[in-house]
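# Descriptive structure summary
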Amino acid sequence: MSVKLNYACEGGNFDVAGEASAKIKKTLQRIGIPADVVRRIAIGTYEAEMNVIIHAGGGNVCAEVFPDKTIITVSDEGPGIPDIKQALQEGWSTAPDYVRQMGFGAGMGLPNMVKCSDDIDIQSTVGKGTNIVMTFKHKSEDL
Amino acid sequence: MLLQDIVRLLDADVLCGQDLLDRKIETCCGSDMMSDVLAFCKCNSLLCTGLTNIQVVRTADMTELSAIVFVRGKIPSDIIVAEATENNLPMLATEHTLFEACGILYQAGLKGCKRGEK
């Protein structure tokens, strides 16, 4: 049995950027997932949601909560990531200057998703889009 | 250190969360890059920043920050203060620069969020 949440993200709309992650976080808190696990999920989801809004012109954020784990799937039909290995390096970013002025685009997003999650799968095709699946086990582990 | 000590040390105005000034602050992060805050900030930390957009509140929510200090005399819009109020996130504003504010707090005993430290 699982609880499934699905939110659409509007590309380029920074006023609402992060709302999907905030709603998922509140639901996880209500369900009673340990606080440190909720924090890891919230940060990882927010990073992915911001990437969709910055780079992809919109997409979807889906959370599926099982008794022992939460799976976050973030998908878009954006430009895709040409070199995932390079994108996983801290500091690597293709974000435009206006995004940096808003406090993002430091090249920490994907590395932080790896750090926060217990497992991550990144599938991306240039010109077609990106699909990221993060698994978070509901075991306490301070971040 | 309590948040009310930080108000005094930085000669700060309280924008919201006046009733939460007894909150205990153990670590602090100074940055205008929310990407770095998300990557390195520990929960229950104080954030000193010159950035005043809505992403500051969202980042604080995700990382479980205890309070925000806006430096260089920056004041966020009423909408942002309202959202912080709803999230029980105290906001302060000081005329000090980011460097000065962090220096004053460090000298008073507040520690930083060390990279890699849990």
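Residues numbered from 1 in each chain as written. Chains lettered and ligands numbered in written order. Predicted model: local features only at pLDDT ≥ 70, side-chain atom pairs only at ≥ 80, totals over all residues. Heavy atoms only, no water.

Right, let's talk about the sheet that holds strand β1 (residues 3-10) of chain A for a bit. All names here are of chain A. Pairing is antiparallel across the open sheet formed by 5 strands, whose spatial order is β1-β2-β3-β5-β4. In this open sheet, the two strands that pair with only one neighbour each are β1 and β4 (119-125). Each strand axis lies, on average, 10° off the axis of its neighbour in the sheet, ignoring direction. Relative to strand β5 (residues 129-137), strand β3 (residues 69-76) runs antiparallel, the two being bridged by 8 bridges. Counterpart to lysine 69 in the pairing with β5 is lysine 137. Against the sheet, helix α5 (residues 109-116) contacts β4 and β5, and its axis sits at roughly 30° relative to β5. (Pairing = 2+ DSSP bridges. Helix = DSSP H or I, 4+ residues; strand = E, 2+ residues; numbered from the N terminus. Axes fitted to C-alpha atoms, helices over the stretch in contact; angles between N-to-C directions. Contact = heavy atoms within 4.5 Å.)

At a closest axis distance of 10 Å, the pairing of helix α1 (residues 19-31) of chain A and helix α3 (residues 54-63) of chain B adopts a crossing angle of 30°. Between α1 of chain A and α3 of chain B, the angle falls in the class roughly parallel. The two elements α1 of chain A and α3 of chain B meet at a crossing, and its hand is left-handed. Side by side, α1 of chain A and α3 of chain B meet where Glu19, Ser21, Ala22, Lys25 and Lys26 of chain A of the first sit next to Arg58, Asp61 and Met62 of chain B of the second. (Parallel < 35°, antiparallel > 145°, perpendicular 65-115°, else oblique. Left-handed = near helix turned anticlockwise from the far one by under 90°.)

Residues and elements named next belong to chain A. Axis separation between helix α2 (residues 35-56) and α5 bottoms out at 9 Å; the angle between their running directions is 155°. Overall, the two elements α2 and α5 adopt an arrangement that is roughly antiparallel. By crossing handedness, the relation of α2 to α5 is classed as left-handed. Between α2 and α5, the residues in contact are Arg40, Ile43, Gly44, Glu47, Ala48 and Asn51 and Gly109, Leu110, Asn112, Met113 and Cys116, respectively.

What follows is about the environment of methionine 102 of chain A. Within the secondary structure, methionine 102 of chain A is located in the loop between α4 (97-101) and α5. A relative accessible area of 18% places methionine 102 of chain A in the buried class. Apart from the residues lying within four places of it in its own chain, the contact partners of methionine 102 of chain A are Phe14 of chain A together with Leu51 and Asn53 of chain B. (Buried < 20%, exposed > 50% of the residue type's maximum accessible area, 1.4 Å probe, protein only.)

Inspection of the entire model under this criterion finds 2 aromatic pairs over all chains. On the basis of an interplanar angle of 85° and a centroid distance of 6.2 Å, the ring pair of phenylalanine 14 of chain A and tyrosine 98 of chain A is categorised as edge-to-face. Of this pair, phenylalanine 14 of chain A sits in the loop between β1 and α1 while tyrosine 98 of chain A sits in helix α4, placing them 84 residues apart in sequence. With a centroid separation of 6.0 Å and an interplanar angle of 85°, the aromatic rings of tyrosine 46 of chain A and phenylalanine 104 of chain A are classed as edge-to-face. Pair noted here: tyrosine 46 of chain A is in helix α2 and phenylalanine 104 of chain A is in the loop between α4 and α5, with a separation of 58 residues, a long-range link. Neither tyrosine 46 of chain A nor phenylalanine 104 of chain A differs from the other in exposure class; each is buried. In this structure, lysine 69 of chain A packs its charged tip against the face of phenylalanine 66 of chain A, placed 5.6 Å from the ring centre. Above the ring of tyrosine 106 of chain B, the side-chain terminus of lysine 111 of chain B is found at 5.4 Å from the ring centroid. (Phe/Tyr/Trp six-rings, centres within 6.5 Å; stacked < 30°, edge-to-face > 60°. Lys NZ or Arg CZ within 6 Å of the ring centre and 35° of its normal.)

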